[in-house]
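Examination of the molecular architecture
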Amino acid sequence: MNVLLTVPHDACPPLQPPKSHLCDTSAKEFAEMISSELKGSKLLISDIHRDSTQLASDGLPGSDQNRPNSRPTDFLNEFKSAITPDTIVLDIHSFPYESTFSQSFHPDIVILDPAAGIDELSKFLTDFLNSKHWKVALVPAASINYIVKYARSINAQASLIEISEAITRATRSQIAKHVSQAVREITAKKWKRI
Ligand SMILES: [Zn+2]
């Protein structure tokens, strides 16, 4: 079993209108923290931003790398060639304090899942992080989140994790350790998919 971490929204476009959230400012750091705890894990970070009205680093229009109609890029090609049915994919994002996730409470982590309540990996991660007393929300997601959707289509396990941009680096680091611990429990086969 191998672990693949993806960060599709790391790159920021040159212009960012006020109140826009065109890039995930804490996702890369969080993914690196998790990756450093998981020996042999692979980390893929997109350098293509998601605003199609501005040019990206390769001189072509930006393209959200987490959509079914994403423009093919090195990031997506590498993702597809790295993944097998034996892979656990953690698709890492971050959300700002003002996010709609925060209307009722301010979670530390949000797990977005089109199959919320059914998918075993998302449920395990949610329960595990809850047991460590983090504020976790498991939220139903649109199935347009391509990375998780593609991974599941080839029978890999996948979850989309959003980390708060409003918490400190030290807190993020502690959460990353717990996410890694959860993944280690899965890979050690203390937990397996039904
Ligand atoms: Zn994102």
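Relevant structure appears above.
Let us look at the structure shown here. Everything quoted here is computed from the prediction, not taken from an experiment.

With mixed pairing, the 6 strands of this open sheet are ordered in space as E2-E1-E3-E6-E4-E5. Lying at the two open borders of the sheet, with one neighbouring strand each, are strand E2 (42-45) and strand E5 (136-140). Geometrically, the sheet is characterised by an average inter-axis angle of 25° between neighbouring strands, direction not taken into account. In this sheet, strand E6 (residues 157-164) lies alongside strand E4 (residues 109-113) in antiparallel orientation, the contact comprising 4 bridges. Directly across from isoleucine 109, in E6, lies its bridge partner isoleucine 163. The strands touched by helix H2 (residues 74-82) within the sheet are strand E1 (2-7) and E2, with E2 carrying the most contacts at an inclination of about 155°. Across the sheet, helix H4 (residues 146-153) is in contact with E1, strand E3 (87-95) and E6; its angle to E6 comes to roughly 160°.

Right, let's get into the pairing of E2. Looking at chain direction, E1 and E2 are connected through 4 bridges and run parallel. The residue bridging valine 7 from the neighbouring strand is isoleucine 45, located in E2. Of the crossover connections in this fold, the one passing from E1 over helix H1 (residues 27-37) to the parallel E2 is right-handed.

As a further point, take the packing of helix H3 (residues 120-131) against helix H5 (residues 169-187). Where H3 meets H5, the closest approach of the two axes is 10 Å, and the angle between their N-to-C directions is 130°. As the angle between them shows, H3 and H5 are arranged oblique. Crossing hand, H3 versus H5: right-handed. Here Phe124, Leu125, Phe128 and Leu129 of H3 come into contact with H5, specifically with His178, Ala182 and Ile186.

Let us look at the packing of H1 against H5. Between H1 and H5, the shortest axis-to-axis distance is 8 Å and the interhelical angle comes to 45°. Between H1 and H5, the crossing angle belongs to the class labelled oblique. H5 is crossed by H1, and the crossing has right-handed handedness. Here Glu29, Phe30, Met33, Ile34 and Glu37 of H1 lie close against H5, whose contacting residues are Arg172, Ser173, Ala176, Lys177, Val179 and Ser180. Residues of the contact of H1 with H5, tallied by class, amount to 5 nonpolar, 2 polar and 4 charged.

What counts, and at which threshold
- Residues numbered from 1 in each chain as written.
- Predicted model: local features only at pLDDT ≥ 70, side-chain atom pairs only at ≥ 80, totals over all residues.
- Pairing = 2+ DSSP bridges.
- Helix = DSSP H or I, 4+ residues; strand = E, 2+ residues; numbered from the N terminus.
- Axes fitted to C-alpha atoms, helices over the stretch in contact; angles between N-to-C directions.
- Contact = placed C-beta atoms within 7 Å.
- Right-handed = clockwise from strand over helix to strand, strands pointing away.
- Parallel < 35°, antiparallel > 145°, perpendicular 65-115°, else oblique.
- Left-handed = near helix turned anticlockwise from the far one by under 90°.
- Nonpolar A, V, L, I, M, F, W, Y, C, P; charged D, E, K, R; others polar.

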